[in-house]
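Listed below are the residues making up each chain.
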Amino acid sequence: MIIKRDKDQILGYLEDASNLEGGNADILYIPETEKEVMEAVYECVSKKIPLTVSAGGTGTVGSRISQEGAILSVEKLNKILSIDKENKRAVLQSGVIINDFLAALAKQNLFYPPFPTERTAFIGGNIATNASGEYSYYFGSTRSYVRKIKVLLSTGKFLEIERGKIFANRNGIIRIGELNIKIPSYTSPQVKNSAGYFSKPQMDLIDLFIGSEGTLGVITEAEVEIIDDLQSRFIMVIFLPDEQRLLEFVSEIKNNSDLKPVSLEYFDKNGLDFLRSDFQSIPDSSAAAVYIEEEEGENTLDIWLNLLDKYEVIDTWISQDKKRYQELIDFRHKLPEKVRDYFKEIKSPKIALDIAVPDESFEELFYFYKHALDNGKIQFVLYGHIGENHLHLNFFPKNEKEKTIVNDICNKAVHKAVKMGGTVSAEHGIGKIKHKYLDVMYGRRGILEMARVK
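This report concerns the structure included in the present document. Every chain is numbered on its own, with residues counted from 1 as its sequence reads. Reporting of local features is limited, given that this is a predicted model, to residues whose pLDDT is at least 70; pairs of side-chain atoms are given and counted only at 80 or more, and all residues count toward the totals for whole chains, interfaces and linings. Note that the side-chain values use all heavy atoms of the structure and ignore hydrogens as well as water.

### A few points about helix H12 (residues 400–419)
At step 1: With 20 residues, H12 extends 29 Å between its outermost C-alpha atoms, agreeing within 8% with the 28 Å of an ideal straight helix rising 1.5 Å per residue.
At step 2: The contact criterion used throughout is that any non-hydrogen atoms of two residues lie within 4.5 Å. Secondary structure is summarised from DSSP: a helix means a run of H or I of at least four residues, a strand means a run of E of at least two, and numbering begins at the N terminus for each. The secondary structure elements touched by the buried residues of H12 are strand E18 (352–353), helix H11 (359–372), strand E20 (390–396) and helix H13 (435–453).
At step 3: Phi for glycine 421, located one or two positions after H12, is positive at around 85°. For a helix, the expected span equals 1.5 Å multiplied by the residue count minus one.

### Some details on the packing of helix H7 (residues 246–254) against H11
At step 1: Direction vectors running N to C along H7 and H11 enclose 160°, while the axes themselves pass 11 Å from each other. By the criterion of interaxial angle, the relationship of H7 to H11 is roughly antiparallel. As H7 runs across H11, the sense of the crossing is right-handed. Within the contact between the two elements, H7 uses Leu246, Leu247 and Lys254 and H11 uses Asp359, Phe362, Glu363, Phe366 and Tyr367.
At step 2: In this classification, the charged set is Asp, Glu, Lys and Arg, the nonpolar set is Ala, Val, Leu, Ile, Met, Phe, Trp, Tyr, Cys and Pro, and all remaining amino acids, among them Gly, are polar. Tallied by class, residues from the contact of H7 with H11 come to five nonpolar, no polar and three charged. Angles run from 0 to 180 degrees between N-to-C directions of axes, and those axes are lines fitted to C-alpha atoms, restricted for helices to the stretch in contact. Every angle not falling under 35 degrees, over 145, or within 65 to 115 is termed oblique; those three ranges are roughly parallel, roughly antiparallel and roughly perpendicular. By definition, any crossing whose near helix is turned counterclockwise from its far helix by less than a right angle is left-handed, and any crossing with a clockwise turn is right-handed.

### Brief notes about the nonpolar core
At step 1: Definition used in this section: a nonpolar core is a set of buried Ala, Val, Leu, Ile, Met, Phe, Trp, Tyr and Cys residues joined via side-chain atoms within 4.5 Å. A 1.4 Å probe rolled over the protein chains alone gives each residue an accessible area, and that area as a share of the maximum for its type sets the label: buried under 20%, exposed over 50%, partly exposed in between. Tyr112, Phe209, Phe331, Leu353 and Phe395 are the most contacted members of the largest nonpolar core, which has 118 residues in total.
At step 2: When neighbours within four sequence positions are excluded, leucine 353 is seen to be in contact with Tyr369, Leu391, His392, Leu393, Phe395, Cys410, Ala413, Val414, Lys434 and Tyr437.
At step 3: The next biggest cluster of nonpolar side chains, apart from the first, holds 13 residues, and it includes Ile27, Ala40, Val41 and Leu77.

### Description of the environment of asparagine 375
At step 1: Within the fold, asparagine 375 resides in the loop between H11 and strand E19 (379–385).
At step 2: Between the alpha carbons of asparagine 375 and alanine 222 there is a distance of 48 Å; along the sequence they are 153 residues apart.

### Points about the sheet that holds strand E17 (residues 315–318)
At step 1: Strand order in the open sheet formed by seven strands is E17-E14-E16-E15-E19-E20-E18, with antiparallel pairing between adjacent strands. The strands lining the two open edges of the sheet, one partner per strand, are E17 and E18.
At step 2: Here strand E14 (residues 233–240) runs beside E17; their pairing, made up of four bridges, is antiparallel. Across the sheet, the residue bridging to methionine 236 is isoleucine 318, located in E17.
At step 3: Together, E14, strand E15 (263–268) and strand E16 (288–295) form the strand contacts of H7, whose direction differs from that of E15 by roughly 175°. Pairing between strands is defined by DSSP: at least two bridges between the two strands are required.

### As for the environment of valine 41
At step 1: By the element assignment, valine 41 lies in helix H2 (residues 34–46).
At step 2: Placed 412 residues apart in sequence, valine 41 and valine 453 show a C-alpha to C-alpha distance of 19 Å.
At step 3: Valine 41 has contacts with Leu51, Leu72, Leu152, Leu153, Ser154 and Val218, leaving out every residue within four places of it along the chain.

What follows is the structure, encoded as structure tokens:
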């Protein structure tokens, strides 16, 4: 096991995509085997040293940024242990990089659908946050694909948890050996969600650990479901002159049984302005864009083009070959990168909302965002997974007065989302930046119930 105590060698583990500052740690463990994971955890428990589990550092809420004590990085637990093409299963250690996993699957014409936008993430981090990416509109989030996990508790005991084996009883108790775990009394919202411990009546034990952000144990290994590789796909980017009919357009796409996009994304005008230096053919008059990816079919493109005839689109980009397809993939990925880099440039921690709400409430939330930001004084970017009623709203306040305004908008949006039956975090988790929103979502009672579970 690699152990580091030099502050300069630990610094790189005290940052992630959130830009949160103030991290601290006295020791870094980098185990290469499960036995070494156990040794590190035992040492911390026996000496009462706080321990933070660290994955790829792609998170945006400061989850891996330790405030004190020790860090355990799973980066050396990076082996793909098996790929079973016949039974559509793969077993891998928690430090496997998603891009490496996708490349290994592609060699066998296989695919892992819930891969995140940031492909340098680790599979363990994805499970810990119930992460998702651009294909989650069609395929769902990580939770749906995790069949088994191996996790080390702070007691030094490994649990191997297989989906479908252990459930909460009618009294909300999960029994594991001598342990009786009373699950929280709340029910997690029926939307894309990564906020707090998952809870629902007679839930599966494995779902308690998925999305728990490393607070219940160290995931060392996982078995996930995989699928056959997707058929050839095409991408369209549709530029609209205004947003008056945007939601009608998206609703029509979602309710058309002949269309099955794997990705349905939105970019506001400010997002397009961010991208214009890299994609100079973005129309100047465009107020918004919708990004769509779908498998090729005999009449699929014609159906799309007939639909577009109903809307006054300014321009439509279509991937007509592999080169253009990759260019449009880059268009989709570039905005989160530029937003992340801009936060670094202005030396600000990430200030963003990651809310998702049910279908019937999305229009109200969308126009709340628009009206709250109508004054044009605060710089912001709004984009993301519109097909799942889940947008990323990033703020760039320039001074304390603007920070106060942003804080007010965020508080109102969070309370509105919870009242609508939504979530304060659809895919980023809570970490060290959004814990106050967790209190809004579940209340003091829910927080205490989560503490009791831990």
